[in-house]
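# Examining the three-dimensional arrangement
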Amino acid sequence: MPDTPYLLAAVGVCAAVTWALRALPFTALAPLRASAAVHYLSARMPLGVMVILTVYTLRNVSAVQAPPAALALGATLALHLWRRNAVLSILGGTALHVLLASTVFAVS
């Protein structure tokens, strides 16, 4: 069994490495907070991500799947324009799509 000083040193090294790895992102990103590029991306990225997700989701929609997808997309857009809350918009559109696809537009 290792000696007590060896174990204490091992725990100390592990604690120091863990602390350093957790602090590193904050120290590395601190200079970027004042960057014009970061401010530009923070304003434009949410829209870009939503466009990419929309295209990815609708790229393989068949004619049978189109009506509930179109209605859910319209509801998502309307919710977002009304409340400006991405979580509410996404959850509301998803819930509407699941409801419509499994009830009104269900294929037997």
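Preceding block: the structure.
Residues numbered from 1 in each chain as written. Predicted model: local features only at pLDDT ≥ 70, side-chain atom pairs only at ≥ 80, totals over all residues. Heavy atoms only, no water.

## Section: the overall build of the chain
The number of helices and strands found in the chain is four helices and zero strands. Against the globule reference of 13 Å for 108 residues, the chain gives a C-alpha radius of gyration of 24 Å, more extended than a compact globule. Along the three orthogonal principal directions, the C-alpha set of the chain runs to about 70 × 45 × 25 Å. For the chain, the residues scored as buried account for 8% of the 108 residues in total. Partitioning the intrachain contacts of the chain with sequence separation of at least 6 by distance along the chain shows that 41% fall at a separation of at least 24. Accessible surface, the chain as shown: approximately 8700 Å² in total, 75% of it carbon and sulfur. (Helix = DSSP H or I, 4+ residues; strand = E, 2+ residues; numbered from the N terminus. Rg over C-alpha atoms; globule rule 2.2 N^0.38 Å. Buried < 20%, exposed > 50% of the residue type's maximum accessible area, 1.4 Å probe, protein only. Contact = heavy atoms within 4.5 Å. Areas by Shrake-Rupley, 256 points an atom, 1.4 Å probe, with all protein chains shown as cover.)

## Focus: unusual backbone geometry
Phi is positive for R84, close to 55°, though the residue is something other than glycine. For R84, the position within the fold is in the loop between α3 (66-83) and α4 (86-104).

## Digging into a nonpolar patch on the surface
A cluster of nonpolar side chains, Y40, L41, M45, V49, M50, L53 and I90, forms an exposed patch at the surface whose accessible area comes to about 630 Å². Tallying contributions element by element places helix α2 (residues 36-58) first for the nonpolar patch, with six residues. The topology assignment puts M50 in helix α2. According to the relative accessible area criterion, M50 is partly exposed, its value standing at 32%. (Patch = residues over 30% accessible without salt bridge, like charges linked within 9 Å, V, L, I, M, F, W, Y side chains within 5 Å. Salt bridge = Lys/Arg side-chain N within 4 Å of Asp/Glu carboxyl O.)

## Regarding the packing of aromatic side chains
One pair of aromatic rings is described through two measures. These are the centre distance and the angle between the planes. This structure, assessed with the given rule, holds zero aromatic pairs. Across the ring face of Y56, the terminal group of R59 is positioned such that the distance to the ring centre comes to 4.2 Å. Sitting above the plane of the W82 ring, R83 keeps its charged end 4.9 Å from the centroid. (Phe/Tyr/Trp six-rings, centres within 6.5 Å; stacked < 30°, edge-to-face > 60°. Lys NZ or Arg CZ within 6 Å of the ring centre and 35° of its normal.)

## A closer look at helix α1 (residues 4-29)
End to end, α1 covers 38 Å across 26 residues, agreeing with the expected 38 Å (1.5 Å per residue, within 8%). Of all the bends in α1, the greatest reaches close to 35° and is centred on A23; the proline P25 follows between one and four positions later. (Expected span 1.5 Å × (residues − 1). Bend = angle between axes of the 7 residues up to and from the residue.)

## Comments concerning the packing of α3 against α4
Where α3 meets α4, the closest approach of the two axes is 8 Å, and the angle between their N-to-C directions is 155°. By the angle class used here, α3 and α4 are roughly antiparallel. Classified by chirality, the crossing of α4 by α3 is right-handed. Contacts between α3 and α4 pair P68, A69, L71, A72, A75, T76, L79, H80 and R83 from the former with A86, L88, S89, I90, G92, G93, L96, H97, L100 and A101 from the latter. (Axes fitted to C-alpha atoms, helices over the stretch in contact; angles between N-to-C directions. Parallel < 35°, antiparallel > 145°, perpendicular 65-115°, else oblique. Left-handed = near helix turned anticlockwise from the far one by under 90°.)

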